[in-house]
Structures are given as C-alpha cells and as structure tokens.
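Descriptive analysis of the structure
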Protein chains: 2
Amino acid sequence: MAKSPIILNGFTMNAVSHVAYGLWRHPDDQAYRHAELDYWIELARALEDGGFDCLFIADALGLLDVHGGGYAASLAKGVQSPVNDPLLLVGALAGATSRLGFGVTVSTTYEKPYLLARKFTTLDHLTKGRIAWNVVTSQLDSAARNLGLDKQVAHDERYEIADEFLEVAYKLWQGSWEDGALVRDRGSAANPDGLYTDPSKVHPIGHSGRYFKVPGPHLSEPSPQRVPVLFQAGGSPRGQRFAARHAEVVFIAGADVDGIRRNVAEVKRLARDEGRAPGSIKFISAVSVITDETDAAAAAKLADYRSHYDVEGALVHYSATTGIDFSKHDLDQPIRYTETDSNRSLLRMFDDPSSGRQWTLRQAFSPEGGFGRGKSFVGGPKTVADELEQWLEVTDTDGINLTHVVSPGSFIDFSAHVVPELRRRGRIREIEAPSLRSRLFGRDSRLPADHPGARHDFSQARPPEALAS
Amino acid sequence: MAKSPIILNGFTMNAVSHVAYGLWRHPDDQAYRHAELDYWIELARALEDGGFDCLFIADALGLLDVHGGGYAASLAKGVQSPVNDPLLLVGALAGATSRLGFGVTVSTTYEKPYLLARKFTTLDHLTKGRIAWNVVTSQLDSAARNLGLDKQVAHDERYEIADEFLEVAYKLWQGSWEDGALVRDRGSAANPDGLYTDPSKVHPIGHSGRYFKVPGPHLSEPSPQRVPVLFQAGGSPRGQRFAARHAEVVFIAGADVDGIRRNVAEVKRLARDEGRAPGSIKFISAVSVITDETDAAAAAKLADYRSHYDVEGALVHYSATTGIDFSKHDLDQPIRYTETDSNRSLLRMFDDPSSGRQWTLRQAFSPEGGFGRGKSFVGGPKTVADELEQWLEVTDTDGINLTHVVSPGSFIDFSAHVVPELRRRGRIREIEAPSLRSRLFGRDSRLPADHPGARHDFSQARPPEALAS
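Rules of the game
Every residue gets a number counted from 1 within its own chain, in the order that chain's sequence is written. Chain labels run from A onward and ligand labels from 1 onward, assigned in the order the entries are written. Per-residue local features are limited, in this predicted model, to residues with pLDDT of at least 70; the limit for side-chain atom pairs, both in listing and counting, is 80 or more; totals at the level of whole chains, interfaces and linings are taken over all residues. As a convention, hydrogens and water are excluded, and side-chain values are obtained from all of the structure's heavy atoms. UniProt positions are given in the numbering used here, feature names are shortened, and annotations may be inferred rather than shown by experiment. Strands are runs of DSSP state E lasting at least two residues, helices are runs of H or I lasting at least four, and both sets are numbered from the N terminus onward. Atoms counted for the radius of gyration: C-alpha only. Globule rule: 2.2 Å times the number of residues to the power 0.38. Only protein chains enter the accessibility calculation, which uses a 1.4 Å probe; a residue is then buried when its area is under 20% of its type maximum, exposed when over 50%, and partly exposed in between. All accessible-area figures derive from a Shrake-Rupley calculation using a 1.4 Å probe, and residue coverage is judged against the displayed protein chains alone. When charges are counted, neither His nor the chain ends are considered; positive counts come from Lys and Arg and negative counts from Asp and Glu. Working definition for charges: the position is that of NZ of Lys, CZ of Arg, CG of Asp or CD of Glu. Between two residues, a contact is recorded if the distance between any of their heavy atoms is within 4.5 Å. The quantity reported as buried area is the accessible area (1.4 Å probe) lost by two parts once they are put together, taken as the sum for both. We define a salt bridge as a contact between a side-chain nitrogen of Lys or Arg and a carboxyl oxygen of Asp or Glu at a distance within 4 Å. Nitrogen and oxygen atoms within 3.5 Å of one another constitute a polar contact, given that in protein one can donate a hydrogen and the other can accept it, and given that sequence-neighbouring residues count only through two side-chain atoms. Axis geometry follows a simple rule: fit a line to the C-alpha atoms, using only the stretch in contact for helices, then measure angles between N-to-C directions, giving values from 0 to 180 degrees. For classification purposes, an angle smaller than 35 degrees is called roughly parallel, one larger than 145 roughly antiparallel, one from 65 to 115 roughly perpendicular, and anything else oblique. Each helix crossing is assigned a hand: it is left-handed if the near helix lies turned anticlockwise from the far helix by less than a right angle, otherwise right-handed if that turn is clockwise. For this classification, the nonpolar set comprises Ala, Val, Leu, Ile, Met, Phe, Trp, Tyr, Cys and Pro, the charged set comprises Asp, Glu, Lys and Arg, and every other residue, Gly included, is treated as polar. Only residues with pLDDT of at least 70 in both copies count here: their C-alpha atoms drive the least-squares fit that superposes the copies. Grid points spaced at 1 Å over the protein atoms alone were grouped into cavities, where a 1.4 Å probe fits but cannot get out, and pockets, open sets with protein on both sides within 12 Å along at least five of seven lines, with lining residues defined by an atom within 4 Å of a point. Grid points are joined across faces, edges and corners, and a volume is the space filled by probe spheres set on the points.

The name an unreviewed UniProt entry gives chain A is LLM class flavin-dependent oxidoreductase, with Mesorhizobium shangrilense as the organism. Within the UniProt record for chain A, the comment given under Sequence similarities (unreviewed entry) is "Belongs to the NtaA/SnaA/DszA monooxygenase family."

And the structure:
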C-alpha cells in the first residue's frame, strides 16, 4: 500500500524561545526578532517553499512563574517570555504566502464566541481558506489571575465551557448564513434597490446555554472553509473526550511510543463513540530534527547546539506545566517521589520502579538525542527519513509538529536535507488544494458530515425563523 | 503664520458599505471585496502613495437592527453588514506600506485589558510604531445581547469602565517594562548563562480596581510608541471628559460649524483642567470629497453618485445610532416632535423652531452636497482645497477623516486632484518620522509628559517591587 504524505507543520511561538531552552544564545537563532514582521515573513516563506503544510503557533497568556516561586527565571532565560499575540501575525503571512496553512492557538476560556467566530471568519477570508484553530482552554494560573479570575476555572469545567463555546461557534459559522445569502445584486430598472444580502437566508442562532447566550446571527459572510481546521492537544481523559468530539488534527506531546499509541487508540475509540468515521482525525506528534548533508555533520551540529542548551530553562517550563517547583530539586540527585506527593504521576517520569527508571533532572531534561519536548532525530537525509517513517509507523501517527532548535534554521535544514528524501518516498504533499482542510484531508473545504459541527450546516434544511432579533 | 500640514486620514470599515449608503451598487465601488486581502493592500498603498497619514477603520460589534424592528434592512442594503474584524487587517497592511498609520476601532466594553494591551503592543512592533487605537465603548444593544450582557451597560458607566481600562493599559505599556529591561546578552565565558530580560526591570503592575484586577507585569517587550496613538470620538458630556483626559486625536462627526467649534472648545477647556498642555489634542472631522480635474467634472460625478445613493440605507444607520425607528416615518412628510418624544433632542435636527428648520427625512438624508455623515465638498482641485482650508479654519480643527463614496476611488481621486494643490499650500506632511505619534505631533514617539498615561512612565522612578507574583 502506498504511504500517504505526512502532515508537516512548523511549530513555534511568538516569543524568543519556545521549547529549545537557551538556544536564543546561539548565533544562528533569529527568534529574538519575533516582534518584527520581516522575521515572520522569512519564516513563513521558508516553510512554504520548503514543503511544509502549516505554521503552527503556540501561545501562553501568562508568564511561567512556578519555578522559584516567580517569573524571574522565565524572563532571565527568555523561556516563552516576552510573548506576543500570535493571531495578529496571520494577515501579514497570508499575503506573503499562497499555500501554507496557519494553525493558531487561542483559548476558549478568555474569549467571547461571538467575536472569536468573527475573527476566524475574517482570517479564513484573508488567507483564502488556510486558517486552523488550535483550541486550548489555558492551564496557567498566572493567566487566570490577570484575566479576571481569582483562580483558574477547574480543569474539567474549562472543557465544559469549551464544548459550549464550540457549539456556539458552529452555529455562527455553519447555521447562520446559508450558501447564497450574499446576493450582491446591484439592481436594475425593474428592481432599483438591488439586494446585497438576502435577509431570509441569514438566521439568528438563538443560542442560550449554561455559559453563553448568543441570540443573533453571525456578523460575517461565510468564508471558504466556514470552520477553521480544528487542532487540539488535550491529553487528559476530559481533553481526549473533547478531542474525540471536535478535533480534526490531534497534537500529542512526548516521546514515549507506548504513551502516544495509547493516546491515539483511545481518541480513535472515543471518536467512534461520537459517530465519527474512521480516519476523520489525523494525529501528529512533536518532533525535533537536527540534520545536515551527512550523519557526521548532523552530529557535529548537535554538539554545537547542546553547548547552548539551558537545562534550567527546561525546568522553568516543566515547573509551570506541572505546578511543581523544580528549583527546589538538585539537578544531579535522583528524584524520588513519595506516596504523599500530590503530583506523583508526574514525578513518575523520573522515578518509575516498574520501568527501572530513576533519573536526575539533568538527565531527564538534557537533550540526549535532540531538543524540545518530543522525539528527536539527528542525522543526514536518509537516517532522519528512515527514523521518521519508522516513528510514524510505531506511534500510529500521521505527521509531525517540527519544533525548532534555531529558527528559521531548523526548518530550512529540514527542507534542504530531509524533504527531498521524503519527497522521493512520496511523503510530501505536492497537491494544489483550494483550502487547508482540503489539503490535509483530500476532500471538501467544509467540515465532513460526521463532524458534530456539521449538524448545524444548512445543507440540512431548517425552518425559517423570524428575522427580528 | 505658516499653516501646518493637515491630518489626512482615510476613513472606512471592514464592511461593504460604511457611510455612503447604496454606493456599493456603483460599478466603481470595490468595497464588496472587503473580505479579500488584496483589496486592503491596494487601499493602503493608494493612501500611502497619495499622501495620507493614516487609515482609520471603524467597527461595529452588532448588526443595525432598530429600523423596522430588525436587521433585515441592514442586510438587504448592505449597511455596515456583513462586518469583519478590523484589527486582523493591520499585520498585512504593515508589510505592504512603510509610512501609513493605522487607527483601529476597538471597544473597551468587551475586551480584557491584559490581552488587548498585548495586541496593541504586538501591532506597534509589527508596524514599527504606526498603530493608533480608536477607543470606543460600544453603543449597540445588538452587540451587548450577543456578548453576554442582557442589556447594554449604561452610557456613563461604560466610560467609567473605559477610564479604568486605560489606566490598566497605561500601567502595562508604560509602568511594567523599563527601558533597557530587554538585555539580550548571549553570555560569555565569565557569564555563561547570559541574560535575555533583566527581571529587576520588569515590574508587576499590581492593579486592583473596581472593574479590573491585573496584578502581573505586561507580557510583551515595549514597542516603539509603547502606547498606541489614542483616537477618540465621544461627543456626549461624559465622552468629552474621557476625550479630554485620554485622547490625542479627537474625531468629531457632523457638518454643523457651530456644533463642532463648541465641541472643540469644550474638549480643550476640559483638557486644560486635566493639566494637559495647549495643542496636546488634535481635532479632525468627517469630510467627503467628490473631485475631478474641473468643477464641472466633479459636478457630473456627484450626479452619477447621487443616482446610486440609498436614503433608506441612511435611515437604517441613523435609526441604530439614535434608537428611533425611522421606518415608521414617511420619507416625504416633515418630522414633528412633540414634548412627549423621549428623543426630542435628536429629532430637533429635523424640526427646530429656533432655526426655522423643518425637514423631511428625504431632505435631511439626501446627499445635498455630498455623502456620509460629515461635511461634503464637490469641485476641482482649487475649489476643494479652498473650501477645505476654510472649513478647518472656521471649525478650528486640524484635519479630516475622509469618508469614501466609492472605495478606493474616492481616496485615489482626492490624492490625484486635491493633494497636489494642498501640497503647494504646504498642507501635506512630507516628513519621514520614526512613528505615527512623531509624525502627527512632530515630537517624540512616546506619550508627552502632560498625558495621564505618562504618570506611569519609568522615567519617573519607582521603588522596585517583589518579583514573585
């Protein structure tokens, strides 16, 4: 059976450093220019010309402030700080590219569905159908405190809110403006008024739920995809249920084959329960690649990069993710958890009797083979392509979010060395598609019929409503 | 005394029609392409090449639904509907231009200051100091209903919220990151860690007020202007107080010389009370210009445009602005208000015994001399330049928001015919300035010392705070 093209995303953040801690100190890293438009245009063009499908931009709405009990280390080490808005980049990059997709992280916890739906419709228009939304619910307490909440909304309730948020958004995107509502008839002698939009084809959504009340119609005319391609990354049981219902592309972090396989299988099982067709969800994992013309040259590059790596920067990030202040642990002492540790499932990644694993922080967070919080491959074109194909096979995934060690250098290296090899193997998408959804799934630009958002589609006729709102 | 250059803004909306009702039916109007990036890039380049200072984009967060008791007419006539997000355009236009400023309308009623401050900082970076914020508080009930409020927040309280919103934003923009906080020291043998941001120069703002609680520091590094140039358009007594405190450019609607003069004088008086220096606020009014090589050619153009004008479209807009459903009035009967009319001050524009005015709706909303909701000038280069200079003189204003009849045609016409004449008279800005604020005010890119936002500036030293948030 012919292998299908892999999903190839470039993964970054509107910040000086994303997950390659300390690498901003490397002379090749350009991410310190992240506030400049030119940096992003160069990056987006490098990805598009290099064969990537999508630029995936992470975000955080707060500083990382668990390590050391404050945010001093995150600032000093440039760990995801300063961090600028990712959504505002898309307009500029839309004009500088013609095929690349844009997957942007936006939280459902701090936005209003009526306005966020308009933002994504606007961007889907401006990009001509190339926008994707990485739906997150925001985990940082430091964000919640500055955004009007005394403390974070409880984890599972954040997903309840997100479920209703998406229901509202589907109604606005799919169930408000019928195809053909926008008539744009300039009029004639017989009909001098003309008709811009046919009001009988624009429907108020009448949503009244537990968290949101949105009676009116969508403000914007339908865009090419109507609904942005939906990315999601939740790994918790509740997050997996959310992904199984809504996601079209699920992003799984980590480098543990069995963990990823279990996650993929579980989301697929839950998706079946939601009535979604097999293959309706694609899975990607975080991967870093250090490559060059030969294995030896790649190994030399790795050694150079390693000398700029900052293990404490990794701890700043991991402390914020887990809520455990790792500044209190000695870098070179094995971690031991006790039965009283509230986060012992997290600490088990270091100290796991069942696997015999007992690591120090330096061991756990040193770039053994590579960088970032996912799988790493180091080598020349054939080595990386072999290992990457093997990785997709054993993890049962469809593609990668390629993290950068240096930016845009890591993406350019991958394009120069690995993409030609993958192209020979038929693993790079060569098609011209009318939209990102069409590109990734080889079908229509709209949501497929088995997706819950499609329930609100006007292809399933509804009775006309009163127009007065 | 030499006359200073006028402020020349192009005024529009991310919608098919802004204030030239019905003109979307004219074959020259391109605004139906407002969802396309190319339309905006053409428009922005036409403005920049044509000598304009700034593109000013209005917004509305709801459909206009007072006329006829619903939004059917606003859709059918394309009156400010559909309407897409304006802020997301700026990134694209930043890359397509190098001098043009961007004044974007965003409401303080539905945004969170912690995130909106980051958005404007991001855009100020991407535009290299060319962003302005038109601060509004949103008047449409149709927006409130879809954004989580059962009804609109009361008018004056919206301004109380806006006052505190700006205070929070000033603290984030001006009082959080000191100049020099971003060190970007890649390290050395003596200091292998390096230092990206100096945490001792990043301060939590510790804001706890009536409407907002924002303890932490700003997420983004300071941008060229730090604070976007602040535009404001409130004409009510409370709105004028707000403008006098915060605005750098005040936008006054209407075509009534005495009304504009009174408004200008009152805001200047209130600004003195706020301790702001004379000349610290510039005033602009809405103007439409129909021009060509000669007066006769301009008059012919006016006749052509008039034949596409839709007086009922004007009523759709005016009904939403005033809350009066004008669909109930006969277009050709004089309007009479009675003492029981709750909106009689509004109706007095039609029926004013003291001025002897007694108009029908058709008379009041027909494009007597031009279009839009401001002053109109029709003629060749010299005629328009003379009348425009006279207008600025008698209204005591510093510039204009030029509305379009057709877009981008009206802007291109103005640039082709009127700008060269104004340039000969020394009224067009020829300078290269490091930022929009610097361009408009001929001084530093930062807020001046007499502005209330400057109180939070780090040039006035503050004691260091604890870093743990």
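1. Quick notes on the overall build of chain A
In terms of helices and strands, chain A carries 15 helices and 15 strands. Expected size for 469 residues packed as a compact globule is a radius of gyration near 23 Å; at 23 Å, chain A falls within 12% of this value. Here chain A holds 469 residues, and the buried ones make up 61% of them. With the model as given, the accessible surface of chain A reaches about 16900 Å², and the carbon-plus-sulfur share is 49%. Taken as two groups, the 53 positive and 61 negative side-chain charges of chain A have centres that lie 3 Å from each other.

2. What about the interface of chain A and chain B?
At the junction of the two partners, chain A supplies 82 residues and chain B supplies 82 residues. It is Leu88, Arg186 and Tyr196 of chain A in chain A that bury the most area against chain B; as a group they hold 11% of the surface buried on that side. For the pair chain A and chain B, the interface holds 4 salt bridges. With a shortest N-O distance of 2.8 Å, Arg118 of chain B and Asp59 of chain A are connected by a salt bridge. Run the count over chain A and chain B and you get 32 residue pairs in polar contact (both at pLDDT 80 or more). Sorting the residues of the side of chain A that touches chain B by element identifies helix H1 (37-49), helix H2 (72-76), helix H3 (90-96), helix H4 (113-126), helix H5 (141-146), strand E5 (182-185), strand E6 (195-197) and strand E8 (213-214) of chain A as the ones contributing at least two each. Here the side of chain A that touches chain B takes 8 residues from H4 of chain A, the largest share from any one element.

3. Some remarks on the packing of helix H6 (residues 155-174) of chain B against helix H7 (residues 237-246) of chain B
Working note: a packed helix pair is described by the angle between its axes plus the distance between those axes. All names here are of chain B. For the pair H6 and H7, interaxial distance at closest approach is 9 Å and the crossing angle is 15 degrees. One finds that H6 runs roughly parallel with respect to H7. Pair H6 / H7 crosses with right-handed handedness. For the pair H6 and H7, the contacting residues are His155, Asp156, Tyr159, Glu160, Ala162, Asp163, Leu166 and Tyr170 in the first and Arg238, Gly239, Phe242, Arg245 and His246 in the second. Its residues assigned to classes, the contact of H6 with H7 comprises 5 nonpolar, 3 polar and 5 charged.

4. Comments concerning the relation of the copies chain A and chain B
Expressed as a screw operation, the relation of chain A to chain B combines 0.0 Å of axial shift with a rotation of 180 degrees, fitting to an RMSD of 0.0 Å. In the structure described here, the two chain copies are related by an operation that fits a two-fold rotation axis. Taking C-alpha positions as the reference, the residue of chain A nearest the rotation axis is Ala92 of chain A, at 1.8 Å. Most of the interface of chain A is mirrored in chain B, where 100% of its interface residues again form contacts.

5. A word on the environment of Gln30 of chain B
Residues and elements named next belong to chain B. For Gln30, the location among the structural elements is in the loop between strand E1 (7-13) and helix H1 (37-49). On the basis of relative accessibility, which here comes to 22%, the residue Gln30 falls in the partly exposed class. Along the backbone, Gln30 and Leu43 are 13 residues apart, and their C-alpha atoms lie at a distance of 9.7 Å. What Gln30 contacts, discounting residues up to four positions off in sequence, is Tyr39, Ser407 and Pro408. Within the structure, Gln30 has its side chain in polar contact with the side chain of Arg33 (distance 2.8 Å).

6. Notes on the side chain of Asp124 of chain B
Residues and elements named next belong to chain B. Looking at the secondary structure, you find Asp124 in helix H4 (residues 113-126). The side chain of Asp124 sits in the buried core without any salt bridge; Arg437 is the nearest counter-charge, 6.8 Å away. In this structure the side chain of Asp124 is engaged in a polar contact, spanning 2.8 Å, whose partner is the side chain of Ser223. Setting aside its immediate chain neighbours within four residues, Asp124 contacts Gly129, Arg130, Ile131, Ser223, Pro224, Gln225 and Arg226.

7. Structural notes on the layout of surface pockets
Volume-wise, the second largest pocket comes out at about 780 Å³. Lining the second largest pocket are 37 residues, and of these Tyr110 and Lys112 of chain A together with Tyr110, Lys112 and Leu147 of chain B sit closest to its centre. Contributing elements (two or more residues each) for the lining of the second largest pocket: H4 and E8 of chain A together with H4 and strand E8 (213-214) of chain B. For the lining of the second largest pocket, the element with the most residues is H4 of chain A, which contributes 4 residues.

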